[in-house]
Every structure is written in structure tokens, then in C-alpha cells.
Amino acid sequence: MSQIINILGFAGSLRKGSYNRALLRTVLEIVPNNANLEVFELDDIPPFNQDLESSPPEKVKEFKTKIKAADAILIVTPEYNYSIPGVLKNAIDWASRPPGDNSFDGKPVAMMSASIGMLGGARAQYQLRQVFVTLNMYPLNKPEVFVTFANQKFDDKGNLLDEKTKELMGNLLENLVAWARRLKVT
Ligand SMILES: Cc1cc2nc3c(=O)[nH]c(=O)nc-3n(C[C@H](O)[C@H](O)[C@H](O)COP(=O)(O)O)c2cc1C
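Every chain is numbered on its own, with residues counted from 1 as its sequence reads. For this predicted model, a pLDDT threshold of at least 70 governs which residues receive local features, and a threshold of 80 or more governs which side-chain atom pairs are given and counted, while totals over whole chains, interfaces and linings are taken from all residues. Where side-chain values are given, they derive from all heavy atoms of the structure, hydrogens and water being excluded.

Let's talk about helix 2 (residues 58-69)
Cut-off, in case you're wondering: The helix and strand labels rest on DSSP assignments: H or I over at least four residues marks a helix, E over at least two residues marks a strand, and numbering proceeds from the N terminus. Take the residue count of a helix, subtract one, and multiply by 1.5 Å to get its expected span. For each residue, the accessible area found with a 1.4 Å probe, counting protein chains only, is set against the maximum for its type, and the residue is called buried under 20%, exposed over 50%, and partly exposed in between. What the arc covers is the set of directions going from the helix axis to the C-beta atoms.
Compared with the 16 Å implied by 1.5 Å per residue over twelve residues, the 17 Å span of helix 2 between its first and last C-alpha is a close match. Taken residue by residue, helix 2 has Val60, Phe63, Lys64 and Ile67 as its buried positions. The buried residues of helix 2 all sit within an arc of 95° when viewed along its axis, so they share a single face. For helix 2, exposure combined with an orientation more than 90 degrees from the buried face picks out Glu58, Thr65 and Ala69.

Here it is as C-alpha cells:
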């Protein structure tokens, strides 16, 4: 199959020097030839307000349109207090509404996380997997990419220095593309 798989990626950190944003930028360098990655920035998505879910702000409309057009989703996130950051959950909540218009419905999804700690954001990933159940998404199981001690694995320009991590990320992307092809109905 030669059709390009379009992946929409977003990061759960807004920090300029974010390791997770840097990780997502690294994906742009290593994305397989048979796939394309578009990065969506979550900046400027306001706090969710259910009163507005049927006529959301422009940025949310754009986010929902891009999610629906994508063949697969890639989320790259830090762990905050053993969970997923509010910024990420807020964006997911907007895009999952209103009822009957969940943009994520049926989409294959993969995750990566980077943390300065020794678990690399593993707890956040497992919480995110729980959210995928209600979103009716299809998460890739393996490989799991947990970037531990992230402060030691990037240079000060955000370049990932660790080749083993890059290799694992390459495997995840190849598997995500194959997974998206398996699930693609058209
Ligand atoms: C509010 C907050 C909570 C955090 N909680 C955790 C945590 O539970 N586990 C962890 O490994 N790191 C935690 N950290 C540290 C993050 O791993 C670290 O700040 C990391 O750089 C965040 O990702 P970023 O560089 O992409 O912004 C926390 C950081 C913040 C700001």
C-alpha cells in the first residue's frame, strides 16, 4: 500500500524549552517516507466551557477539523502530578464534544512521554490509555516510548542526543503507520 498516512501530533506542554515539544520536533526528522506529520500547537486553546461546546472558539474548530482529517494521532506529553497535564486534557475535552461529534472517534493513536524523572512519564501514559477508552480510540501497544531523565538527553537547542531513544521512536512510528493502515477502511 503506497498511500501516505497523515499523522497529527500535539504536545502536552506549552513550555518554550519543553522536552516533549522537542521530542515531537524530532519526530518530524524521522517520520517514515510513507507518512506525514503535522504538528498542532495547543497554545491559545481556552479553558473548556460546556456552554460553548456546540459553537467552540476558532482554534478548537481548527483542532477538530485537523483531527478528523488525520489517519492517526500522536500525543507527546509530560507527566504532571502522576497524571496528564491539564492543558492536554482540556484540549482533548474540547475535541471530544459535543455528543455525537467526538473528533477522535475510531482514530489510531500512539504516545510518547518525556520526563526529568526515572519513569519517563509512564503513569501519564497509562492514564491517557484510560481516556482513549471513552474516546473510542485505538492505541498502539508497542513499543512504549518513555524518555527518562530528559534533562540529560537533549542539548540546549532541544536536539535529542540519545540514539537509542531515536531508534525506539522510529519503531513506534513504523508501527503506528502499519496500525493506521490496518484500521483504515477506505
Ligand atoms: C506541575 C508539574 C508536575 C510535575 N509532576 C511530575 C510527575 O508527576 N512525574 C514526573 O516524572 N515529572 C513531573 N514533573 C516534572 C516534569 O517531568 C518536567 O517539568 C518536564 O520537563 C515537563 O515536561 P516539558 O519539558 O515537556 O515541559 C512535573 C512538573 C510540573 C510543572
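So, unusual backbone geometry
The omega torsion of the bond from Arg97 to Pro98 falls at -10°, within 30 degrees of zero and hence cis. Mapped onto the fold, Pro98 is located in the loop between helix 3 (86-95) and strand 4 (108-114). The linkage connecting Lys142 with the following residue, Pro143, adopts the cis geometry, with an omega of -5°. Relative to the elements of secondary structure, Pro143 occurs in the loop between strand 5 (138-139) and strand 6 (145-147). You will see that Tyr82, though not glycine, has its phi angle at about 65°, which is positive. Along the chain, the position of Tyr82 falls in the loop between strand 3 (72-77) and helix 3.

Details of the pairing of strand 4
Heads up, the condition is: When DSSP finds at least two bridges between two strands, those strands are taken to pair. Think of it like this: strands point away, you trace from the first strand over the helix to the second, and a clockwise trace means the crossover is right-handed.
The element strand 4 is extensively covered by neighbouring structure, given that seven of its seven residues are classed as buried. Of the two faces of strand 4, the one lined by Pro108, Ala110, Met112 and Ala114 and the one lined by Val109, Met111 and Ser113 are each fully buried. Relative to strand 4, strand 3 runs parallel, the two sharing five bridges. For Ile73, the partnering residue across the bridge sits in strand 4 and is Val109. For the crossover from strand 3 across helix 3 to strand 4, the handedness is right-handed.

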